[in-house]
Amino acid sequence: MDKNKPGKKFRKYIRTLHLYLGLATGLVVFIVSITGCLWAFQEEITALTSKVPEVVPQTNPEIDPLEAKNIAQSVFPGKYIHGTLYGGGKKPIEVIFYEEKPEFYQSVFLHPWTGEILHTEDHLSGFFHFVLDGHMHLWLPKEIGSEIVAWSTFIFFLMLVSGIILWWPKNKKVRKQRTWFQWKPTTRWKRKNYDLHQIVGFYASFIAVIFIFTGLVMTFETFAKVFYKGIGGEKEVVFAVPENTNGSFKNVPGKDEPIRELMPFLKEKFPGAKDFEIHYPHDENHSIYVEVSNSDGIYYDSDYRFYDQNDLTEIPSKTIYGVYEEAGVAEKILRMNYDIHVGAIAGLPGKILAFLISLLCSSLPVTGFLLWYGKRVKAKAPQRREKQVLAASN
């Protein structure tokens with residue numbers, strides 16, 4: 001058969017591309033995959049090991065968001081409060097502090113009815129912070145690690161596509177051999193490693209491309225916008241807190257600020273909500289931003305609502321982040337992206353699938369490297385020994 005045929009040449013180019021991209025990004029892909037595997041059940045494990053105490057529910061009103069803010073601020077004076085989470089039931093109120101530079105990420109947990117400080121938690125320590133830091137930054141400075149992860153993820157996407165091209169045989173007989181392991185007692189380890197790379201890679205690729213694609217959407221802002229527009233989206237792909245519709249807020253002496261009445265207002269309007277995360281206005285001109293969680297364990301169907309500081313009049317959002325039921329198909333697909341990426345979109349079975357696919361993906365750089373090492377390095381060893389013998393005899 002002619003090795004110079006276009007089809008042969010194309011496969012040769014694809015094989016070379018697959019090899020060198022794999023060698024260049026193998027370690028990164030292994031780290032990102034294995035940490036993604038460990039992250040799959042982070043919420044469930046964290047819930048079981050949490051040191052946050054439960055409280056006994058009461059019928060009297062909870063402390064309002066401004067009270068919670070002031071109490072928590074006494075723990076970390078001068079630090080920026082990202083938001084306050086009202087979980088209801090036996091859950092304490094969680095006041096979340098976050099600053100990007102220098103990074104500061106802590107929570108203060110308060111008794112909902114007395115305001116007592118029950119617990120503080122540093123989110124930048126512990127096992128799962130270590131895992132997430134590896135997954136997103138390879139434990140390197142963010143500016144460096146995030147770029148390496150981003151482009152390695154893109155390259156891995158190309159490798160999965162090229163791997164499927166290389167796998168696909170021309171005849172049915174060979175195809176049957178590549179769809180399942182046909183090992184015998186005499187099958188050598190080298191052949192087993194080859195089958196592991198080929199067969200595991202083939203089956204994992206079709207689902208892995210989904211997880212990788214969602215990772216690219218989160219990583220590259222331009223990619224997310226192009227994808228959103230490509231599926232028919234028309235809104236802005238940005239998160240923005242709108243300004244008050246009734247002008248800047250002026251605190252009237254002797255009169256309670258409307259935000260103090262926000263929690264009773266929200267609980268009456270959304271009786272089925274799982275929790276409410278309140279974000280304080282940036283200044284007197286911007287509205288109060290509230291994230292209303294409608295389901296446990298997923299984020300895509302949450303409502304992003306904005307209220308005028310002056311009278312709690314609701315302000316519609318012009319971006320993809322608004323009321324879920326009012327979102328179009330393109331907005332819903334984009335908002336599902338994170339939940340798809342971690343498998344939460346399908347509940348526990350989805351997380352198990354994400355765990356298994358991540359584990360299988362972590363094996364591909366290992367089996368691929370062993371294939372290359374066996375062909376390139378070990379194959380040259382006899383030649384080197386022969387040259388050494390000839391040199392010694394001379």
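Residues numbered from 1 in each chain as written. Predicted model: local features only at pLDDT ≥ 70, side-chain atom pairs only at ≥ 80, totals over all residues. Heavy atoms only, no water.

**Observations concerning the sheet that holds strand E7 (residues 303–307)**
For sheets, the rule is that strands pair by backbone hydrogen bonds, running either parallel or antiparallel.
At step 1: Sheet architecture is open: 8 strands sit in the order E4-E3-E2-E1-E5-E6-E7-E8, paired in antiparallel fashion. Across the chains shown, the open sheet's two edge strands, defined by having one partner strand only, are strand E4 (117–122) and strand E8 (314–315). (Pairing = 2+ DSSP bridges. Helix = DSSP H or I, 4+ residues; strand = E, 2+ residues; numbered from the N terminus.)

**Focus: the nonpolar core**
At step 1: Counting residues in hydrophobic clusters, the biggest one holds 27 residues, and the most contacted among them are Val95, Phe97, Leu262, Leu266, Phe276 and Val290.
At step 2: Elements that contribute at least two residues to this core include exactly helix H3 (65–73), strand E1 (81–86), strand E2 (93–99), strand E3 (104–110), helix H9 (262–269), strand E5 (275–279) and strand E6 (288–293).
At step 3: In contact with Phe276, other than residues within four places in its own chain, are Thr84, Leu85, Tyr86, Met263, Leu266, Lys267, Phe270, Val290, Glu291 and Val292.
At step 4: Membership of the second largest hydrophobic core comes to 13 residues, among which are Leu160, Phe211, Ile212 and Ala354. (Core = buried A, V, L, I, M, F, W, Y, C linked by side-chain atoms within 4.5 Å. Buried < 20%, exposed > 50% of the residue type's maximum accessible area, 1.4 Å probe, protein only. Contact = heavy atoms within 4.5 Å.)

**So, H9**
Side chains three or four residues apart in an α-helix point the same way, a direct result of the helix having 3.6 residues per turn.
At step 1: Taken as a whole, H9 has its buried residues at Leu262, Met263 and Leu266. One face of H9 carries all of its buried residues, which in axial projection span an arc of 95°. (Arc of directions from axis to C-beta.)

**Regarding the pattern of salt bridges**
At step 1: For the structure shown, the criterion picks out 11 salt bridges.
At step 2: Note that Lys269 is salt-bridged to Glu314, the shortest N-O span being 2.8 Å. Separated by 45 residues along the polypeptide, Lys269 in helix H9 and Glu314 in strand E8 bring together distant segments of the chain.
At step 3: Asp303 is the salt-bridge partner of Arg305, the closest N and O atoms lying 3.5 Å from each other. Take Arg305 and Asp303: they sit in the same class, and that class is buried. (Salt bridge = Lys/Arg side-chain N within 4 Å of Asp/Glu carboxyl O.)

No statement about biological role is implied by the geometric values presented.
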